[in-house]
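Overview (structure and organization)
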Amino acid sequence: MHVDDFLKELDAALGSQYILRDDQDKVPYLTDWRGLYTGIALAVVLPKDTAQIVAIVKICQQYQVAIVPQGGNTSLTGSATPEASGSQIVVSLKRMNAIRHLDLQNQTITVEAGCILQVVQEEVKKHDAFFPLSLAAQGSCTIGGNLATNAGGTNVLRFGNARDLCLGLEVVTPQGEILHGLRGLRKDNTGYDLRNLYIGSEGTLGIITAAVMKLYPAPINHSAALVAVADFPMMMGLLHFLQKRASAELTAFEMMTQESIDLTIQHFPQFDTPIIHQAPFTILIELFEYQEEKLPTASSMLEGLLEEAMQHAFLGDAVLANNLSQVKAFWQIREHITMAQAKEPENLKFDIAFPLSNLSGFIAETDQMLRQAFPGIRIINFGHLGDGNLHYNLCAPKDADPGYMADHESKIVSMVYQQITQFAGSISAEHGIGQLKREHLKQHRGDVAYHVMQNIKRALDPDNLFNPNKVLIRHDL
Ligand SMILES: Cc1cc2nc3c(=O)[nH]c(=O)nc-3n(C[C@H](O)[C@H](O)[C@H](O)COP(=O)(O)OP(=O)(O)OC[C@H]3O[C@@H](n4cnc5c(N)ncnc54)[C@H](O)[C@@H]3O)c2cc1C
């Protein structure tokens, strides 16, 4: 390949100021959010519209250069980071951030893939509508990245994940064709579901350039409570009770163990509040309120429900948020667990999911196995419990020598993954596979599922130019 000719063609298609070659300029695009992976790119390319993406893909086809699509670069699995070979380009969608169409009658918004999630949330709020996808990276992650990873977040219990919120996609295929699927249809059984094929494909099958996303009526208020719970049966009893009695309003049921709270308060003492020290588990419950005239309000409804739940012995004590800023304060405790753990020098993270009926078995057995095999290991377990999603994270023992986690990583990973299989769980609930988990995908999903995925990849991207060696291992193709 003649690199100079390749870059000249990109210059001609986009303008040289949008083809970053300088090492310093490329730095923000080459390392993942957690700092686990750093790659090298031939160039970072910044297209402004779908036509320019088509041009880039065709040039890359001609020169057989691989493409790593990138949105906000907040992936937690290294999926948006190029390889170290220096032979790939990063295509950043961040200039493609237009809101193309807001259709309030159809309750949809059509946005370009590089739109920042929070910008979309704020835009629809001006029109008294609500876009429910919500996660701690929303100030920098993009709709394209959310769809490519099928992101979940804090409102899945009520509104589903990114897949459930998407009605249509525009995609540039590896052949440089545009798949025009920007349709706002809630029913459309016309052949294979191509939209769902691209959602969650982590940039390996095409570049998502725009999407039609569902909107909902804006809630007029939120109400939240922190609840102390002694054990798993109580927790599940409380969840089922709330689902039965407040299913339309219940938006979050987040679990935090005492160990995850202790670590958070150690690093962020400003979030301390007595209720979070009362029981082995603290649950954050959130209800949305929709109708102004309807009584009781979400807050008095939650209060009544919690009193009733207490009579059924589903909880010990509870604190209700009095106002919106207290609701936010409750969420800050939950959201700062990740940041607290990031301050610990050595840790391992598992973003996993189970059928609700298997959660307690997994936790009880795996906690015990790990504590026995690795005395002093700290288990920072929290997550979107209503969705069966645990962030089951581990920190090295307090007095451990440097390098403890690296030394034990493979043994810990294989122990936890074995347990996930035994309890019919998933090795990735919402963060995807990327490069972090690609070695485990085949065993986890089984030969047949992996084989179908190989066939899909070979059929759609026969030259393996789209985010190669992510999700599926290169030598398997
Ligand atoms: C603090 C923090 C909290 C998070 N919380 C959550 C959470 O609660 N739930 C959750 O699900 N995830 C969470 N994540 C991870 C999550 O995957 C991302 O935040 C987000 O969905 C990725 O969007 P992005 O624009 O940053 O994508 P990137 O990181 O840039 O890319 C992610 C993947 O998508 C591909 N991609 C990006 N854009 C496109 C496109 N236009 N077309 C095709 N492929 C594309 C990339 O190639 C890569 O494979 C969190 C991350 C952080 C840092």
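Residues numbered from 1 in each chain as written. Predicted model: local features only at pLDDT ≥ 70, side-chain atom pairs only at ≥ 80, totals over all residues. Heavy atoms only, no water.

**Digging into helix H12 (residues 356-373)**
Relative to the 26 Å expected for 18 residues at 1.5 Å per residue, H12 spans 26 Å between its end C-alpha atoms, a close match to the ideal helical length. For H12, the set of buried residues is Leu359, Phe362, Ile363, Thr366, Asp367 and Leu370. For H12, the elements touching its buried residues are helix H8 (232-246), strand S13 (250-257), strand S17 (351-353), strand S18 (378-384), strand S19 (389-395) and helix H13 (404-422). (Helix = DSSP H or I, 4+ residues; strand = E, 2+ residues; numbered from the N terminus. Expected span 1.5 Å × (residues − 1). Buried < 20%, exposed > 50% of the residue type's maximum accessible area, 1.4 Å probe, protein only. Contact = heavy atoms within 4.5 Å.)

**A few points about the sheet that holds strand S8 (residues 166-172)**
As a general point, the strands of a sheet are linked pairwise by backbone hydrogen bonds and lie either parallel or antiparallel. Ordered by their spatial adjacency, 5 strands build an open sheet running S5-S6-S10-S8-S9, and the pairing between neighbours is antiparallel. Single-partner strands in this sheet number two, and they are strand S5 (99-103) and strand S9 (178-181). This sheet shows a mean twist of 10 degrees between the axes of neighbouring strands, independent of strand direction. Two strands pair when backbone bridges link them, and S8 and strand S10 (residues 207-214) are joined in this way by 6 bridges, in the antiparallel orientation. Bridge pairing in S10 links Cys166 to Met213. (Pairing = 2+ DSSP bridges. Axes fitted to C-alpha atoms, helices over the stretch in contact; angles between N-to-C directions.)

**Regarding the nonpolar core**
If you look at the biggest cluster of nonpolar residues, it comprises 59 residues, and the most contacted ones within it are Phe6, Ile89, Phe131, Ile143, Leu147, Leu169 and Met213. The element best represented in this core is helix H3 (residues 50-63), accounting for 7 residues. Formed jointly, this core draws a minimum of three residues from each of two domains, domain 1 (3-92) and domain 2 (99-217). With 58 residues, the next largest nonpolar core counts Ile285, Leu390, Leu394 and Ile433 among its residues. (Core = buried A, V, L, I, M, F, W, Y, C linked by side-chain atoms within 4.5 Å. Domains from an automatic or database assignment.)

**Observations concerning the site of the ligand**
Every one of the 34 residues lining the ligand counts as a neighbour, but Pro69, Gly71, Thr74, Thr142 and Gly152 are closest to it. Between Gly71 and the ligand, the recorded distance is 2.7 Å, taken from a backbone N or O atom to an oxygen atom. Separating an oxygen atom of the ligand from a backbone N or O atom of Asn73 is a distance of 2.9 Å. Starting from 980 Å² of accessible surface for the ligand in isolation, the protein chains cover 96%. For the shell around the ligand, the elements supplying multiple residues, two or more each, are strand S3 (67-70), helix H5 (143-148) and S10. Here the shell around the ligand gets 4 residues from one element, more than from any other, and that element is H5. Looking at which domains feed residues into the shell around the ligand, each of domain 1 (3-92) and domain 2 (99-217) gives three or more. (Near = heavy atom within 4 Å. Polar contact = N/O pair within 3.5 Å; in protein donor to acceptor, adjacent residues only side chain to side chain. Areas by Shrake-Rupley, 256 points an atom, 1.4 Å probe, with all protein chains shown as cover.)

**Regarding the domain arrangement of the protein chain**
With domains assigned, the protein chain is organised as domain 1 (3-92), domain 2 (99-217), domain 3 (221-336), domain 4 (347-422) and domain 5 (438-476). The straight-line distance from the C-alpha centre of domain 2 to that of domain 3 is 29 Å. A combined buried area of about 780 Å² lies between domain 2 and domain 3, and 62% of that area is made up of carbon and sulfur atoms. On inspection of domain 2 and its partner domain 3, the count reaches 0 salt bridges. Viewed at the interface, domain 3 and domain 2 are joined by 0 residue pairs in polar contact (both at pLDDT 80 or more). With 3 residues, helix H6 (residues 156-159) is the largest single contributor of residues to the side of domain 2 that touches domain 3. Across the side of domain 2 that touches domain 3, the residue classes tally to 4 nonpolar, 2 polar and 1 charged. (Buried area = accessible area lost by both parts, 1.4 Å probe. Salt bridge = Lys/Arg side-chain N within 4 Å of Asp/Glu carboxyl O. Nonpolar A, V, L, I, M, F, W, Y, C, P; charged D, E, K, R; others polar.)

**Observations concerning the packing of H8 against H12**
Their axes nearest at 10 Å, the elements H8 and H12 cross at an angle of 160 degrees. As summarised for this structure, H8 and H12 are arranged roughly antiparallel, according to the angle between their axes. Both H8 and H12 take part in a crossing whose hand is right-handed. When H8 is examined against H12, the residues Phe232, Met236 and Leu239 are found in contact with a partner set consisting of Leu356, Leu359, Ser360 and Ile363. Along the lines of polarity and charge, the residues of the contact of H8 with H12 split into 6 nonpolar, 1 polar and no charged. (Parallel < 35°, antiparallel > 145°, perpendicular 65-115°, else oblique. Left-handed = near helix turned anticlockwise from the far one by under 90°.)

**Quick notes on H13**
In this model H13 runs 27 Å from its N-terminal to its C-terminal C-alpha over 19 residues, within 8% of the 27 Å that 1.5 Å per residue would give. At Ser410, H13 shows its largest bend, some 45 degrees. For H13, the full list of buried residues reads Tyr404, Met405, Ile412, Val413, Met415, Val416, Tyr417, Gln419 and Ile420. Taken together, the buried residues of H13 touch strand S16 (347-348), S17, H12, S19 and helix H14 (438-445). Looking one or two residues past H13, Ala424 carries a phi angle of roughly 55 degrees, positive in sign. (Bend = angle between axes of the 7 residues up to and from the residue.)

**Quick word on the pairing of S9**
Summarising the sheet, S8 and S9 pair through 4 bridges and their orientation is antiparallel. Residue Glu170 lies in a different strand from S9, and its bridge partner there is His180. Here S8 folds back onto S9, and the loop between the two strands holds 5 residues, one of which, Gly176, carries a positive phi near 80 degrees.

**Thoughts on the sheet that holds S3**
The strand order across the open sheet formed by 4 strands is S1-S2-S4-S3, and the pairing between neighbours is mixed. Edge positions in the sheet fall to strand S1 (19-20) and S3, since each has one partner strand and no second. Sheet topology places S1 next to strand S2 (residues 41-45); 2 bridges connect them, and they run antiparallel. Bridge assignment links Leu20 to a residue of S2, and that residue is Val44. Each of S1, S2 and strand S4 (88-92) is contacted by helix H1 (residues 3-14), which is oriented at about 5 degrees to S2, the strand it contacts most.

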